[in-house]
Amino acid sequence: MKKNIAIFASGNGSNFVALVKAVKQRRLDCRISLLVCDNPHAPVLEKARKAGIETLLVERPAFASRRAFEEAVIRYLKAADIKLIVLAGFMRVLSPLLVNAFRGKIINIHPALLPAFKGAHAIADAFHYGVKITGVTVHVVDEEVDHGPIILQEAVPIKPADTLASLEKRIHQVEHRLYPRAVRLCLEGKVKVAGRTLKPRS
Ligand code: GRF
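Throughout what follows, the structure given in this document is the object of discussion. (Residues numbered from 1 in each chain as written. Predicted model: local features only at pLDDT ≥ 70, side-chain atom pairs only at ≥ 80, totals over all residues. Heavy atoms only, no water.)

## Topic: the packing of aromatic side chains
Ring pairs (aromatic) are described by centroid distance and by the angle formed between their planes.
Then comes step 1: Going through the model one piece at a time under the given rule, you end up with three aromatic pairs.
Then comes step 2: Consider the rings of Phe-63 and Phe-69, whose centres lie 5.5 Å apart with planes at 70°: the pair is edge-to-face.
Then comes step 3: Its relative accessible area of 32% is what places Phe-63 among the partly exposed residues.
Then comes step 4: When the centroid spacing of 5.7 Å and the interplanar angle of 70° are considered together, the rings of Phe-117 and Tyr-129 count as edge-to-face. With Phe-117 in the loop between strand 5 (106-110) and helix 5 (122-129) and Tyr-129 in helix 5, this pair connects stretches of sequence that are twelve residues apart.
Then comes step 5: A relative accessible area of 21% means that Phe-117 is categorised as partly exposed.
Then comes step 6: For Lys-78, the ring lying beneath its charged end belongs to Phe-102, and the centroid distance is 4.5 Å. (Phe/Tyr/Trp six-rings, centres within 6.5 Å; stacked < 30°, edge-to-face > 60°. Buried < 20%, exposed > 50% of the residue type's maximum accessible area, 1.4 Å probe, protein only. Helix = DSSP H or I, 4+ residues; strand = E, 2+ residues; numbered from the N terminus. Lys NZ or Arg CZ within 6 Å of the ring centre and 35° of its normal.)

So, in structure tokens, the structure goes:
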């Protein structure tokens, strides 16, 4: 039986597309059963529609409280038997309630070599700082933003002729290669967090 994963995204969705492609090309053995999106205008929504993947649009104002909102999301994910939550440009910080409900089963991709350049503008921050090497990090999510055990990292050199746009392009190319590999490692139970193996729930 294929394991169900949910991708959370708020924007463009190029990592979402890379994961869909990896499944289609059988480099990744799972079912992307759900896209969770918090932005009704995100281009990723159309990409999910084209790929035939169910979308859950989570609009916080529709709920009486943040807790009620998150409990509803957790119920939905559990009912869909989601084994792994894959954050791919999801701009909302997950609360401890959600992190706890899926402890060790949420991963994130960040366009820098963590712990350097946390935050929403990591590529530009690294570029403007003048570092010679930046990169991509995939990590397990904990309660802190852009923090948690690192699964994979890949360095991306910044060349003298680089512009922000050319660097962004190379970073995204690395992301699209790295994220399917990281998801596969998690689903195969090969990622250990504090002595525990990230095994799918039985
Ligand atoms: C990626 O750069 C990812 O590292 C960061 O958000 C961006 C999402 O891009 N967390 P996309 O929507 O997948 O194109």
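## Some words on the packing of helix 5 against helix 6 (residues 164-187)
Then comes step 1: Helix 6 packs onto helix 5 with a crossing angle of 130° between their chain directions and a minimal axis gap of 10 Å. Taken together, the axis directions place helix 5 and helix 6 in an arrangement best described as oblique. Like other packed secondary-structure pairs, helix 5 and helix 6 cross with a definite hand, here right-handed. In this structure, helix 5 uses Ile-123, Ala-124, Phe-127 and His-128 to contact helix 6, whose residues at the interface are Leu-164, Leu-167, Glu-168, Ile-171 and His-172.
Then comes step 2: Across the contact of helix 5 with helix 6, the residue classes break down as six nonpolar, two polar and one charged. (Axes fitted to C-alpha atoms, helices over the stretch in contact; angles between N-to-C directions. Parallel < 35°, antiparallel > 145°, perpendicular 65-115°, else oblique. Left-handed = near helix turned anticlockwise from the far one by under 90°. Contact = heavy atoms within 4.5 Å. Nonpolar A, V, L, I, M, F, W, Y, C, P; charged D, E, K, R; others polar.)

## Points about helix 5
Helical geometry note: an α-helix holds 3.6 residues per turn, so side chains three or four residues apart project in the same direction.
Then comes step 1: Within helix 5 the residues assigned to the buried category are Ala-122, Ile-123, Ala-124 and Ala-126.
Then comes step 2: In this fold, the buried residues of helix 5 make contact with strand 5, strand 6 (133-140) and helix 6.
Then comes step 3: Residue Gly-130 follows helix 5 closely and has a positive phi angle near 95°.

## Focus: the pairing of strand 5
Then comes step 1: Of all five residues in strand 5, five are buried; the element is thus mostly enclosed.
Then comes step 2: Residues of strand 5 alternate between two faces, with Ile-106, Asn-108 and His-110 on one and Ile-107 and Ile-109 on the opposite face, all of them buried.
Then comes step 3: Where strand 4 (residues 82-87) lies against strand 5, three bridges are found, and the strand directions are parallel. For Leu-87, the partnering residue across the bridge sits in strand 5 and is Asn-108.
Then comes step 4: You can see the chain leave strand 4, run along helix 4 (residues 96-101) and come back into strand 5, and the turn it takes is right-handed. (Pairing = 2+ DSSP bridges. Right-handed = clockwise from strand over helix to strand, strands pointing away.)

## Looking at the pattern of salt bridges
Then comes step 1: One pass over the full model with this rule turns up ten salt bridges.
Then comes step 2: The salt bridge involving Glu-71 is made with Arg-67; its shortest N-O contact spans 3.0 Å. Taken together, the residues span about one helical turn, with Glu-71 and Arg-67 both in helix 3 (residues 66-79) at a distance of four residues.
Then comes step 3: The partly exposed category is assigned to Glu-71, whose relative accessible area is 33%.
Then comes step 4: A salt bridge links Asp-162 to Arg-170; the shortest N-O distance between them is 2.8 Å. (Salt bridge = Lys/Arg side-chain N within 4 Å of Asp/Glu carboxyl O.)

## Focus on the sheet that holds strand 6
Then comes step 1: One open sheet accounts for seven strands, arranged 3-2-1-4-5-6-7; its pairing is mixed. One side of each edge strand has no neighbouring strand; the edge strands of this open sheet are strand 3 (55-57) and strand 7 (150-157). Each strand of the sheet is rotated relative to its neighbour by a mean of 20°, with strand direction disregarded.
Then comes step 2: In terms of strand pairing, strand 5 meets strand 6 through four bridges, oriented antiparallel. Across the sheet, Asn-108 pairs through a bridge with His-139, a residue of strand 6.

## Notes on the site of the ligand
Then comes step 1: Residues in close proximity to the ligand include Asn-12, Gly-13, Ser-14, Asn-15, Gly-89, Ile-109, His-110, Pro-111, His-172 and Glu-175, which together make up its full environment.
Then comes step 2: Take Asn-12: an N or O atom from its main chain is 3.5 Å from an oxygen atom of the ligand.
Then comes step 3: Ile-109 is positioned with one of its backbone polar atoms (N or O) 2.9 Å from a nitrogen atom of the ligand.
Then comes step 4: When the free accessible area of the ligand is taken as 370 Å², the share hidden by the protein chains comes to 84%.
Then comes step 5: At the level of elements, helix 1 (14-24), strand 5 and helix 6 are the ones that each hand at least two residues to the shell around the ligand. (Near = heavy atom within 4 Å. Polar contact = N/O pair within 3.5 Å; in protein donor to acceptor, adjacent residues only side chain to side chain. Areas by Shrake-Rupley, 256 points an atom, 1.4 Å probe, with all protein chains shown as cover.)

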